[in-house]
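Chain residues, written in single-letter form:
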Amino acid sequence: MPPLAGSKSLPNGVPQESNSNIITIDVGGQIFQTTKQTLILAGSKSLLSKIANSDNAIPFIDRDPELFSIILSLLRTGNLPSKARSFDIQDLIFEAQFYGIENLLVNSQSNPSQFDAFNLEKSLVLPMSGRDSPSAISTTEYESLHVAHGSKITSFDWSLQRKSTILTQFTAIDSLLALSDKVAAAGATDFSGLQIIDLDNGFVKQTLNWENVTRSGSTVQAIGVSPEYLFTSFESVRRNSNCIMLYDRNDSFRSVTKIGHYEIFGADLDSAIPATKLQWVSSHNLLMASGSHSGPSGVLGNIRFWDIRSRNVVWELKERVDCFADIAVSNSLSSIFKIGVNTGEVFFADLRSIGADNSWVCLGDGRKVANGKKEGFGSIVGSHGNHVFCCRGGNIELWSEVQIGSMQNQEGPYPGRVFRKNMMGRAKDIGGSRITNLDFGGNKMFVTRKDQHCVEVWGSSRGL
């Protein structure tokens, strides 16, 4: 018998009322009643919406009634009931796909609005095949995860249950950016060109290149994205020039323009530093490009904010004293954060005071550098929502802004702005190998560590 077939009367001979708003459905021999409005919430293309708009016959669906009761609760409340924990998530996915409401299931389990920074804890470990540790990770808004390890890219769906692995042309992938669940941009510092890769079928859809005046090839140093553009930082293979290319995401990655094109002559150190991190600052419609270089005089770097329409730098910070080990912009907090490579301290600067002198404010205890040791080397900083996450060694710190009294009589360049630190995770989550990658997708955080062949998934206690 097909999954949906026939019609029948209600038990005990009770007929379904002809003009009633109540819909009766027989699922696997068990009778369910709900309203037409509830079924319509499934969407116009779903099986349940079609039932809601059908005649008065009682449809029979040859499926598991226990799973259907969970589907019905999801429609009624937008959330899964607690009894859903007794079922395998894959079974729920199959049922949601059958009824045509997988999008509602995804939204209930991976909605970014459910991200709860203070309740995150390590909840799952995703092992990687092979001997290579993850070199880069990237996520989509609703939690699909792509992991570069060695020459391979492993992709997980939103449920983190189904995965697929493809082999690329790279020896090792240094930059990875998810453009969708099925497409990613990948590049390496020892391989020419940025590749747009179909992750379902494992082939290169497109290769984006930049050539300098000598027509030499170029390698990828960083990738960034905005709703309209794909940004790529290139450096020539001879390391004598660099630039940032803009490609149109909505027009087959057509080359639009280039910014920050530097040809290096003599000892012009600033020009020799390619951008190794790109981040779109939507609150100001600017592109943040940062890069650093280690030399005889220490680590030097620059941070530039580009207006991509005029192709001009609107704000530049030259890092000479305590250059950043890593840097991130928070749109929600309208601030830029860094970890100093020498001190290992966390600093912030208010984007609303762009161009001011002495922009950086130390959020730590301001200790001095001891014996020239680079305390912040290898540290990572990332922002998500109203929070900033700093990884120093194997620990994750959560920095949040708090409001303390009146702004009057408060000293410093940004009176009224105070940040506080919390250590993340349970006692058993603290420590471990140095953290190498940090990213966010859906309502979860993803972490990789040095020499560990896995990805840690940090989530709250809510959900399955």
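Counting starts from 1 at the beginning of each chain's written sequence and moves along it residue by residue. In view of the model being predicted, local features appear only for residues whose pLDDT reaches at least 70, and side-chain atom pairs are presented and counted only at 80 or more, with totals across whole chains, interfaces and linings using the full set of residues. Computation of side-chain values covers all heavy atoms of the structure but excludes hydrogens and water.

Looking at an unreviewed UniProt entry, one finds the chain named BTB POZ domain-containing At5g41330-like, with Olea europaea subsp. europaea as its source organism.

Q: A description of the sheet that holds strand β28 (residues 395-402) should follow, citing residues and the corresponding values.
A: A pair of strands is treated as paired once DSSP finds two or more bridges between them. For helices the rule is a DSSP run of H or I covering at least 4 residues; for strands it is a run of E covering at least 2, with both sets numbered from the N terminus onward. Strand order in this open sheet of four strands is β26-β27-β28-β29, and the pairing throughout is antiparallel. Looking at which strands have only one partner, the edges of the open sheet turn out to be β26 (380-384) and β29 (418-423). Ignoring which end each strand starts from, the neighbouring axes of this sheet average 25° apart. The sheet contact formed by strand β27 (residues 387-392) and β28 spans six bridges and is antiparallel. Within the sheet, the bridge partner assigned to Phe 389 lies in β28 and is Leu 398. Axis definition: a line fitted to C-alpha atoms, over the contacting stretch in the case of helices. Angles run 0 to 180 degrees between N-to-C directions.

Q: Requested: an account of a negative patch on the surface, with residues and values cited.
A: Residues with no salt bridge and a relative accessible area higher than 30% make up the patches, which join like charges within 9 Å and nonpolar side chains (Val, Leu, Ile, Met, Phe, Trp, Tyr) within 5 Å. Each accessible area is a Shrake-Rupley estimate made with a 1.4 Å probe; only the visible protein chains count as cover when residues are assessed. Definition used for salt bridges: Asp or Glu carboxyl oxygen within 4 Å of a side-chain nitrogen of Lys or Arg. For this count, His and the chain ends are skipped, Lys and Arg are scored as positive, and Asp and Glu as negative. Where a charge lies is defined by one atom per residue type, namely NZ (Lys), CZ (Arg), CG (Asp) and CD (Glu). A cluster of like negative charges, contributed by Asp 64, Glu 66, Asp 88 and Asp 91, occupies part of the molecular surface. Looking at the secondary structure, you find Asp 91 in helix α4 (residues 89-99).

Q: A description of the pairing of strand β20 (residues 298-307) should follow, citing residues and the corresponding values.
A: Type-normalised accessible area, obtained with a 1.4 Å probe on protein chains alone, sets the label of each residue: buried when under 20%, exposed when over 50%, and partly exposed for intermediate values. Most of β20 is tucked away, with eight of its ten residues classed as buried. Across nine bridges, the pairing between strand β19 (residues 286-295) and β20 is antiparallel. Residue pairing for β20: Ser 292 is matched across the bridge by Gly 301. As consecutive antiparallel partners, β19 and β20 are separated by two residues.

Q: Can you break down the environment of Met 424 residue by residue, with the values?
A: Here Met 424 shows up in the loop between β29 and β30 (435-441). Owing to a relative accessible area of 7%, Met 424 belongs among the buried residues under this scheme. Sequence spacing of Met 424 and Ile 396 is 28 residues, and the spatial spacing of their C-alpha atoms is 5.6 Å. Contacts were defined at the residue level, with two residues in contact if any of their heavy atoms lie within 4.5 Å. Sequence-distant contacts of Met 424, that is, excluding residues within four places in its chain, are made with Ala 117, Leu 120, Phe 389, Ile 396, Glu 397, Leu 398, Ile 430, Met 445 and Trp 458.

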